[in-house]
Amino acid sequence: MEYSMETLRETVSYINERTGGFKPQTGIVLGSGLGGLSKLIDKVCEIPYGEIPGFPVSTAPGHEGRLIFGTLEGRRLVCMSGRFHRYEGYSYQLLAMPVRVLKLLGISELIVTNAAGSINKDWRPGDIMLIKDHIKLFGDSPMTGPNMAEFGPRFFDTTDMYSKKLRALAKNCAKECGIDIKEGVYFYFPGPQFESPAEIRAARLLGGDAAGMSTVSEALTAAHMKLPVLGISLMTNMAAGILDQPLSSEEVNEAGEAAAPRMESLVRTVIKRLSGEDD
Ligand code: HPA
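Now for a look at the structure at hand. (Residues numbered from 1 in each chain as written. Predicted model: local features only at pLDDT ≥ 70, side-chain atom pairs only at ≥ 80, totals over all residues. Heavy atoms only, no water.)

## Overview of the site of the ligand
- Contacts to the ligand come from Ala115, Ala116, Gly117, Phe194, Glu195, Ala211, Gly212, Met213, Thr236, Asn237, Leu247 and Val252.
- For the ligand, a nitrogen atom lies 3.4 Å from a polar atom in the backbone of glycine 117.
- Here a nitrogen atom of the ligand and a side-chain polar atom of asparagine 237 are 2.7 Å apart.
- Mapped onto the shell around the ligand, the elements with two or more residues apiece are β5 (109–118), β8 (210–212) and β9 (229–238).
- Per element, the largest residue contribution to the shell around the ligand is three residues, and it comes from β5.
- For the shell around the ligand, the class distribution of residues is seven nonpolar, four polar and one charged. (Near = heavy atom within 4 Å. Polar contact = N/O pair within 3.5 Å; in protein donor to acceptor, adjacent residues only side chain to side chain. Helix = DSSP H or I, 4+ residues; strand = E, 2+ residues; numbered from the N terminus. Nonpolar A, V, L, I, M, F, W, Y, C, P; charged D, E, K, R; others polar.)

Written out as structure tokens, the structure reads:
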């Protein structure tokens, strides 16, 4: 195990010291090209990952690498601006660590955003999908290894991992924002290569709607802790082989930037609604 309960507690107390004990209610993980969301937050404190004991450091282009604390629409947030992926060399087990830290800081739900390739041929780049489930056929679970019983049981349920309640709330918010929201299955690929056209055809046959290289380890970590997840994927491109053209990270980032205002208004409205639920 690359970390223990003791090192996690040290990480959490370091963060609490830096933030003055700020207690976030919602955690948000920002995907590639979607980092602009953090600018909306009325910031209390920002901590670069490199300064947090035991925290991994993100190396993926377009991922900034800091924890941002602050409020938005009356809700206290902690935002991971920059996330970690298996393709950076981190083990699946280590990918669980930041999500566990967010839970220990006090969040009661996790919003995860990502860029994905549309496997679904009826959708277009710029479309936004709520994740209703995922398929992960590759690699370990983030919960492989000794079970940390403080977080959850050895064998855990994933039936409502992408909370039905949060999805219903997000659908209402999308309507309010005038967004024609999709809902579908996120098919996880470890990357860093984009998928082959044959892999995408196989994923479609298996029931995938969107292909991506992140999110699933975070959602599983949350499911282990019974932490509700809202997953939002931006289709930045049609997945490999659908169009007769190569895929590039420039295309992904450009589409992310172009859709940023819609993603931002959706997340902001979701946060506002969550804030209202507490009243
Ligand atoms: N595949 C995997 N991950 C991605 C893609 C894709 O086509 N687009 C953005 N992230």
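## Here we look at the state of the cysteines
- In the structure shown here, the tally under the stated rule is zero disulfides.
- With no disulfide of its own, cysteine 79 lies 13 Å from the sulfur of cysteine 45, the closest cysteine sulfur.
- Cysteine 177 takes part in no disulfide bond, and the closest cysteine sulfur, belonging to cysteine 173, lies 6.6 Å away.
- Residue cysteine 177 is classed as partly exposed on the basis of its relative accessible area, which comes to 26%. (Disulfide = S-S within 2.5 Å. Buried < 20%, exposed > 50% of the residue type's maximum accessible area, 1.4 Å probe, protein only.)

## A word on unusual backbone geometry
- The omega torsion across glycine 191 and proline 192 is 0°, close enough to zero to call that bond cis.
- As for its placement among the helices and strands, proline 192 is situated in the loop between β7 (182–188) and α4 (197–206).
- Even without being a glycine, threonine 215 presents a positive backbone phi close to 70°.
- Secondary-structure assignment places threonine 215 in the loop between β8 and α5 (216–224).
- Assessed through its relative accessible area of 0%, threonine 215 is described here as buried.

## Things to note about the nonpolar core
- The biggest cluster of nonpolar side chains holds 51 residues, and the ones touching the most others in it are Leu67, Phe69 and Leu110.
- With nine residues, the top contributor of residues to this core is helix α2 (residues 92–105).
- When sequence neighbours within four positions are dropped, the list of residues in contact with leucine 110 reads Gly27, Ile28, Val29, Val99, Leu102, Glu218, Ala222, Leu227, Pro228, Val229 and Leu230.
- One finds Ile41, Cys79, Ala170 and Leu234 within the second-largest nonpolar core, a separate group that totals 29 residues. (Core = buried A, V, L, I, M, F, W, Y, C linked by side-chain atoms within 4.5 Å. Contact = heavy atoms within 4.5 Å.)

## Considering empty space enclosed by the protein
- Within the structure shown, the criterion is met by four cavities of 30 Å³ or more.
- In this structure, the largest cavity spans a volume of roughly 40 Å³.
- Every residue lining the largest cavity is listed: Phe84, His85, Arg86, Leu95, Tyr188, Met213, Ser214, Thr215, Val216, Ser217 and Glu218.
- Looking at which element gives the most residues to the lining of the largest cavity, the answer is α5, with three residues.
- For the lining of the largest cavity, a count of residues per class yields five nonpolar, four polar and two charged. (1 Å grid on protein atoms, 1.4 Å probe; cavity = no way out; pocket = protein on both sides within 12 Å on 5 of 7 lines; lining within 4 Å. Points joined across faces, edges and corners; volume = space filled by probe spheres on them.)

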